[in-house]
Amino acid sequence: MGPRREAPAEPAVPADVTGAELDRSVRAQLRSLSKANAEMVGRHLVMIGRLLQEDPHAAYAHAMAAQRRAGRIAAVREAVGVAAYHAGLWAEALSELRAARRMSGSSHLLALMADAERGLGRPERALELAASPEARGLATAERVELALVVSGARRDLGQLDAAVLALQLPELTATATHAFTPRLSYGYAEALLAAGREDDALGWFARAADTDHDGVTDADERVAELRGLQIVDLLDDAGGDAGGDAGGDAGGDAEGDAGETDGEGPDDRGEARI
């Protein structure tokens with residue numbers, strides 16, 4: 001036998017992270033581990049949630065540490081898949097999310113799987129997943145996320161009118177607002193803009209901005225861009241000239257989809273972000 005290969009060093013976990021922050025159902029899955037191992041895995045899982053948006057690659061490092069300790073736990077494999085997705089590691093994300101689905105029997109992250117297929121340049125497979133029997137059992141929010149991915153896949157294929165139709169869901173025009181409402185409106189605006197319907201797109205970007213109280217999209221910037229305005233960030237310009245002309249040319253290229261993260265893939269990837 002050759003020399004034993006040492007495991008990679010695990011990323012540090014702050015002392016205030018205990019693992020008790022996890023959902024009860026996840027903690028229940030960890031009970032099959034030894035107490036000490038369950039605690040460490042739980043702490044890494046908490047760190048994934050903390051770092052996922054601001055530093056997805058650091059979140060992925062914690063996910064891999066958890067996987068090395070508890071690779072047979074469905075919640076761990078799911079966390080690895082989600083972290084890989086946000087880090088733009090499409091193949092890894094797809095593999096881990098498939099494993100988690102086999103282990104748990106749940107298809108609630110089908111939209112992420114379909115979007116990972118898009119990231120791998122396979123929009124046709126994304127559409128196949130969206131048409132699978134599992135998709136029919138998704139909850140409303142999950143179904144909306146999958147529709148956003150379908151719309152993006154249609155755009156990848158140059159099917160611009162179909163991309164618009166894919167988002168004409170009852171939730172699009174509902175009076176009640178939900179967490180997915182601003183992103184659904186934003187995605188619809190993107191589809192309209194790609195189809196050459198700029199005036200309609202402007203209205204839906206404005207609607208997304210009106211409902212986006214948490215800043216999950218850059219809808220305000222897209223509205224300003226289409227209107228030929230410039231948004232001045234007073235915080236960034238503190239101490240400088242914050243009174244610039246708001247009626248001038250659009251200031252720089254507005255970013256694409258607000259969910260885009262590091263790594264290669266479709267420009268509007270992230271539509272299925274959890």
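Quick caveat: nothing in here was measured; it's all calculated off a predicted structure. (Residues numbered from 1 in each chain as written. Predicted model: local features only at pLDDT ≥ 70, side-chain atom pairs only at ≥ 80, totals over all residues. Heavy atoms only, no water.)

A. Region of interest: the environment of L89. The topology assignment puts L89 in the loop between helix 4 (74-86) and helix 5 (90-104). The partly exposed category is assigned to L89, whose relative accessible area is 24%. Considering only alpha carbons, one finds L89 and G119, 30 residues apart in sequence, at a separation of 8.6 Å. Dropping the residues within four chain positions of it, L89 is found in contact with Y60 and A84. (Helix = DSSP H or I, 4+ residues; strand = E, 2+ residues; numbered from the N terminus. Buried < 20%, exposed > 50% of the residue type's maximum accessible area, 1.4 Å probe, protein only. Contact = heavy atoms within 4.5 Å.)

B. Geometry of helix 2 (residues 35-51). Between its first and last C-alpha atoms helix 2 spans 25 Å; for 17 residues at 1.5 Å apiece the expected length is 24 Å, and the two agree. Burial of helix 2 is extensive: 12 of the 17 residues sit out of reach of the surface. Within the span of helix 2, buried status applies to N37, A38, M40, V41, G42, R43, H44, L45, V46, M47, I48 and L51. Buried residues in helix 2 make contact with helix 1 (24-29), helix 3 (56-70) and helix 4. (Expected span 1.5 Å × (residues − 1).)

C. Examining the confidence of the model for the protein more closely. In this model, the protein carries an average pLDDT of 87, and 81% of its residues clear a pLDDT of 70 or more. Scored below 50 in pLDDT, residues 239-267 makes 64 contacts in the model with residues more than four places away or belonging to other chains. For residues 270-274, every residue scores under 50 in pLDDT, and the model assigns this stretch 36 contacts once sequence neighbours within four places are set aside. (pLDDT = per-residue confidence, 0-100.)

D. Spotlight on the packing of helix 10 (residues 181-194) against helix 12 (residues 219-227). Taken N-terminus to C-terminus, the directions of helix 10 and helix 12 make an angle of 30°; their axes are 11 Å apart at the nearest point. The angle between helix 10 and helix 12 places the two elements in the roughly parallel class. Helix 12 is crossed by helix 10, and the crossing has left-handed handedness. Residues Y186, E190 and L193 of helix 10 lie in contact with helix 12, whose contacting residues are A219, R222 and L226. (Axes fitted to C-alpha atoms, helices over the stretch in contact; angles between N-to-C directions. Parallel < 35°, antiparallel > 145°, perpendicular 65-115°, else oblique. Left-handed = near helix turned anticlockwise from the far one by under 90°.)

E. Region of the structure containing the packing of aromatic side chains. Within the structure shown, the criterion is met by 3 aromatic pairs. Measuring from ring centre to ring centre gives 5.2 Å for Y186 and F205, while their planes differ by 75°; the resulting arrangement is edge-to-face. Here F205 lies in helix 11 (residues 198-211) and Y186 lies in helix 10, a separation of 19 residues in the sequence. Considered together, Y186 and F205 belong to a single accessibility category, that of buried residues. Between Y188 and W204, the ring centres sit 5.1 Å apart and the planes meet at 90°, which makes this aromatic pair edge-to-face. Separated by 16 residues along the polypeptide, Y188 in helix 10 and W204 in helix 11 bring together distant segments of the chain. The exposure class of W204 is buried, given its relative accessible area of 16%. (Phe/Tyr/Trp six-rings, centres within 6.5 Å; stacked < 30°, edge-to-face > 60°.)

F. Representation of the side chain of H62 in the model. Topologically, H62 is positioned in helix 3. Using a relative accessible area of 3% as the deciding quantity, one classes H62 as buried. Ignoring any residue separated from it by four or fewer positions in sequence, one finds H62 in contact with P11, A12, V13, H44, M47, I48 and L51.

G. Here's a closer look at the nonpolar core. Membership of the largest hydrophobic core comes to 50 residues, with the highest contact counts inside it found for L30, V41, L45, I48, V76, L110 and L146. Elements supplying a minimum of two residues to this core: helix 2, helix 3, helix 4, helix 5, helix 6 (110-119), helix 7 (123-130) and helix 8 (140-156). Beyond its immediate sequence surroundings of up to four residues, L146 is in contact with L110, A111, A114, A130, A135 and L138. Counting 22 residues, the second-largest nonpolar core is a separate cluster that includes A147, Y186, A189 and V223. (Core = buried A, V, L, I, M, F, W, Y, C linked by side-chain atoms within 4.5 Å.)

H. Quick look at the pattern of salt bridges. Under the criterion given, the structure shown has 12 salt bridges. When the shortest N-O distance is used, the salt bridge between E117 and R98 registers 3.3 Å. Of this pair, E117 sits in helix 6 while R98 sits in helix 5, placing them 19 residues apart in sequence. With a relative accessible area of 34%, R98 lands in the partly exposed category. Salt-bridge contacts for E225 lead to R222; the nearest nitrogen and oxygen are separated by 3.2 Å. Of the two residues, E225 and R222 are both situated in helix 12; the distance of 3 residues between them amounts to about one turn of the helix. Among the ionic contacts, a cluster of salt bridges with common partners joins R98, E117 and R122. (Salt bridge = Lys/Arg side-chain N within 4 Å of Asp/Glu carboxyl O.)

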